[in-house]
Amino acid sequence: MDFQISNRVKLSHETLLLRHTVEFEVDRPIQAWQWMNQTRTVPEHGDWVRPEVSEAWQRCLEDYQLPLGNYANWDNYPIITHTTNSTPQSHRIENLVKQLHQNFHIFLKESDVMMILTGANGDLLYLMGEKPLSSAFMSRMQSKGANWLESALGNNGIGTAIELKKPIAFQGMEHFLNVLHPFTTVGYPLFDNAGELIAVIGLISDKQENMNSLFAFLHLICVLVNTDFPLAKNTLAQQCVLKQIPLKPAKKSLEFVNGEVSETLALLVKKAVKLQQYKVPILITGESGVGKDHFVRLIRNAGPRKNAPLIAINCASIPHDLIESELFGYESGSFTGARSTGKPGKFMLADKGILFLDEIGDMSFDLQSTLLRVLETSEITPVGGTKSILVDVQVVAATNVHLLTAVEQGRFRRDLYYRLNGCTCHLLPLRERPDKKSIIQHILQRELNAIAPDGEIQICSEVHRLMEQHPWPGNIRQVINVIRATLYTASSSIIDVHDLPVDFFTELEQFSLSNVDSTNSILVAPSSMVNSPVMSLTDWELHGIKMALKDCDGNISMAAKNLGITRTTLYKKIDRFGLNKNGASL
């Protein structure tokens, strides 16, 4: 054939694998992108993002001058720049890819991955996969002729592969444009014998797939496209090779759709969606950590504004002298330190979408009257400006403060309270929810999938039981933090009670003592520990082993299984604590 895979593929791949370490996968790109969004400069810290990322961001800022942040006009953003004109060579590649469609389509469908083919000019020529990607903007990017060049879409696997003439990948917030943050993009360039770029084959996943797996799959595609070997024509041989690629089937969403959870939230979500149709303000109440921000995302994704911006602002965290400019923006030169170009406020960014005012109960009293006026007129005036601007914003507010009490105390305007409270959606604390057990299991499984997708970490039954009985005063946020701390600091692949944080047991014991006479199944501390302010981990371990041996009538195998440990480990613990097989002290 008259085209080839770049002879730099192996070198580029190995370089990316070396550089894409855990520190880049966790939170460094998030910090770097947020820094860039605030300062409009690429961070100089070399350990924040890979050099390929920082160099691409520099091009996007300085050479292309692309919009940064929560850009409000994605619906009008130009992505189809001209009529697609495929060359004979790119057309030939397209036909070869189509010949491989059957096996590739099945594999892509199982993995929730989209594959695209573009010409050297970035125009989309061909696409295959199971379904459109999960955003309105990305759905437009799947139209034939949509341009994937870096200058049009910011750094992405396909466009940057065209720019650099080498294979490359980006994940999550390594992308310059925020509309690409939910995705992983990988691109491989194809060259003719003269070294001229003729096409790029790319993969896009919204499951935050491991980039190494996508590279392996994409490398196979390019080899098949670039060869006349029997493998390229033998579907059975292709299936055997595909099985060796470490791209796992997509995990099904663990969103609660059955049982008590859906009954608990579905009615609230349904009501909130109806209110959005008439732009009725929604007030979400509940203790800190119950998931008010998650509920906002649920009602947004289910409502008529699901493809519009969702802009959140924490009213308690913004300095008093900046909150007005944050909400309404400012004109150029309106105050010392203001940008020469001015800055749009949150209301402007949320136009046609949802503005989420979190911790509204902590908003300064003098700003409340300004907010009330905006809610009544739907008009804002930027700081330093004289002309009002009409905005279409669905306001959703949330608070863990009892606003009526704040009204009576003179800390919150009564008229603003009734203006925000078009309808109240109250989220129960976790300890009162009938689906508490399902929620905890869902979060635990989600975190296990993230840290150990192959299931190599096991949780003993005693840990499950303690988590279900815990009062969780910090609600869902506390559950997430405790589970992560437990998994990340565990001493082995089997999580048992000694891996749980100490304060977890402190809260559990306090709750147990306060409910000792309750008819519910509450874990009660051993009588020798009742008067102790804090039970040690050793005490809890001893108590758990005694209860397991007693419940199993001295059956060591069954007790070890219930505790989630091996028989050998249990024998060692029995010997250490001086117990017999029935759990009694010797």
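Let me sum up the structure you'll find in this document. (Residues numbered from 1 in each chain as written. Predicted model: local features only at pLDDT ≥ 70, side-chain atom pairs only at ≥ 80, totals over all residues. Heavy atoms only, no water.)

1. Some thoughts on the pattern of salt bridges
Phase 1 of the analysis: Using the criterion set out here, one finds 13 salt bridges in the structure.
Phase 2 of the analysis: Of the charged contacts in the structure, one is a salt bridge between Glu326 and Lys343, with a shortest N-O distance of 3.3 Å. Placement of Glu326 in helix 14 (residues 323–328) and of Lys343 in the loop between helix 14 and helix 15 (346–349) is noted, with a sequence separation of 17 residues between them.
Phase 3 of the analysis: Looking at Glu326, the relative accessible area reads 22%, which means it is partly exposed.
Phase 4 of the analysis: Across the pair Asp415 and Arg413 runs a salt bridge whose closest N-O atoms are separated by 2.6 Å.
Phase 5 of the analysis: One network of salt bridges, in which partners are shared, links Lys279, Arg305 and Asp392. (Salt bridge = Lys/Arg side-chain N within 4 Å of Asp/Glu carboxyl O. Helix = DSSP H or I, 4+ residues; strand = E, 2+ residues; numbered from the N terminus. Buried < 20%, exposed > 50% of the residue type's maximum accessible area, 1.4 Å probe, protein only.)

2. Regarding helix 9 (residues 157–164)
Residue pairs three or four apart in sequence face the same way in an α-helix, which turns once every 3.6 residues.
Phase 1 of the analysis: In terms of residue burial, helix 9 counts as a mostly covered element, since six of its eight residues are buried.
Phase 2 of the analysis: Those residues of helix 9 hidden inside the fold are in contact with helix 4 (51–64), strand 2 (113–119), helix 8 (150–153), strand 4 (168–171), strand 5 (184–192) and strand 6 (197–205).
Phase 3 of the analysis: The N-cap residue of helix 9 is Asn156: its side-chain oxygen and the backbone nitrogen of Ile158 are 3.0 Å apart.
Phase 4 of the analysis: Positioned one or two residues after helix 9, Lys165 has a phi angle of 60 degrees, which is positive. (Contact = heavy atoms within 4.5 Å. Polar contact = N/O pair within 3.5 Å; in protein donor to acceptor, adjacent residues only side chain to side chain.)

3. Overview of the packing of aromatic side chains
Phase 1 of the analysis: Using the criterion set out here, one finds four aromatic pairs in the structure.
Phase 2 of the analysis: For the pair Phe328 and Phe347, a centre-to-centre distance of 5.7 Å together with 25 degrees between the ring planes defines the contact as stacked. Here Phe347 lies in helix 15 and Phe328 lies in helix 14, a separation of 19 residues in the sequence.
Phase 3 of the analysis: Ring geometry for Tyr417 versus Tyr418: centroids 4.9 Å apart, planes at 70 degrees, classification edge-to-face.
Phase 4 of the analysis: What links up through ring pairs into an aromatic cluster is the set Trp472, Phe504 and Phe505. (Phe/Tyr/Trp six-rings, centres within 6.5 Å; stacked < 30°, edge-to-face > 60°.)

4. Notes on the environment of Thr285
Phase 1 of the analysis: Topologically, Thr285 is positioned in strand 7 (residues 282–285).
Phase 2 of the analysis: Spatially, the C-alpha atoms of Thr285 and Leu403 are 9.3 Å apart, while their sequence positions differ by 118 residues.
Phase 3 of the analysis: With sequence-adjacent residues up to four places away left out, Thr285 is seen in contact with Lys292, Thr399, Thr424, Cys425, His426 and Leu427.

5. Brief notes about the pairing of strand 5
On any regular strand, side chains alternate: one points to one face of the sheet, the next to the other face.
Phase 1 of the analysis: Within strand 5, nine of the nine residues are buried, which leaves it mostly tucked inside the rest of the structure.
Phase 2 of the analysis: Side chains Thr184, Val186, Tyr188, Leu190 and Asp192 of strand 5 all project onto a buried face; the interleaved residues Thr185, Gly187, Pro189 and Phe191 project onto the opposite face, where all are buried too.
Phase 3 of the analysis: In the sheet, strand 4 pairs with strand 5 via four bridges, with the strands oriented antiparallel. Paired with Phe170 across the strands is Thr185, a residue of strand 5.
Phase 4 of the analysis: Judged from the eight bridges that link them, strand 5 and strand 6 form a sheet pairing that is antiparallel. Residue pairing for strand 6: Pro189 is matched across the bridge by Val200. (Pairing = 2+ DSSP bridges.)

6. Thoughts on the packing of helix 19 (residues 436–451) against helix 20 (residues 461–469)
Phase 1 of the analysis: Taken N-terminus to C-terminus, the directions of helix 19 and helix 20 make an angle of 130 degrees; their axes are 9 Å apart at the nearest point. Comparing their axes, helix 20 and helix 19 come out oblique. Of the two elements, helix 19 crosses helix 20, and the hand of that crossing is right-handed. Along its contact with helix 19, which presents Lys436, Lys437, Ile440, Gln441 and Leu444, the element helix 20 presents His464, Met467, Glu468 and Gln469.
Phase 2 of the analysis: Here the residues of the contact of helix 19 with helix 20 sort into three nonpolar, three polar and three charged. (Axes fitted to C-alpha atoms, helices over the stretch in contact; angles between N-to-C directions. Parallel < 35°, antiparallel > 145°, perpendicular 65-115°, else oblique. Left-handed = near helix turned anticlockwise from the far one by under 90°. Nonpolar A, V, L, I, M, F, W, Y, C, P; charged D, E, K, R; others polar.)

7. Description of the sheet that holds strand 12 (residues 394–399)
Each strand in a sheet pairs with another by means of backbone hydrogen bonds, the pair being arranged parallel or else antiparallel.
Phase 1 of the analysis: With respect to topology, five strands assemble into an open sheet ordered 8-9-12-7-13, the strand pairing being parallel. Here the strands that pair on one side only, and so sit at the sheet edges, are strand 8 (310–314) and strand 13 (423–426). The mean inter-strand angle of the sheet, taken between neighbouring strand axes irrespective of direction, is 20 degrees.
Phase 2 of the analysis: Strand direction decides the pairing type here: strand 9 (residues 354–358) and strand 12, joined by four bridges, are parallel. The residue of strand 12 that forms the bridge with Ile354 is Gln394.

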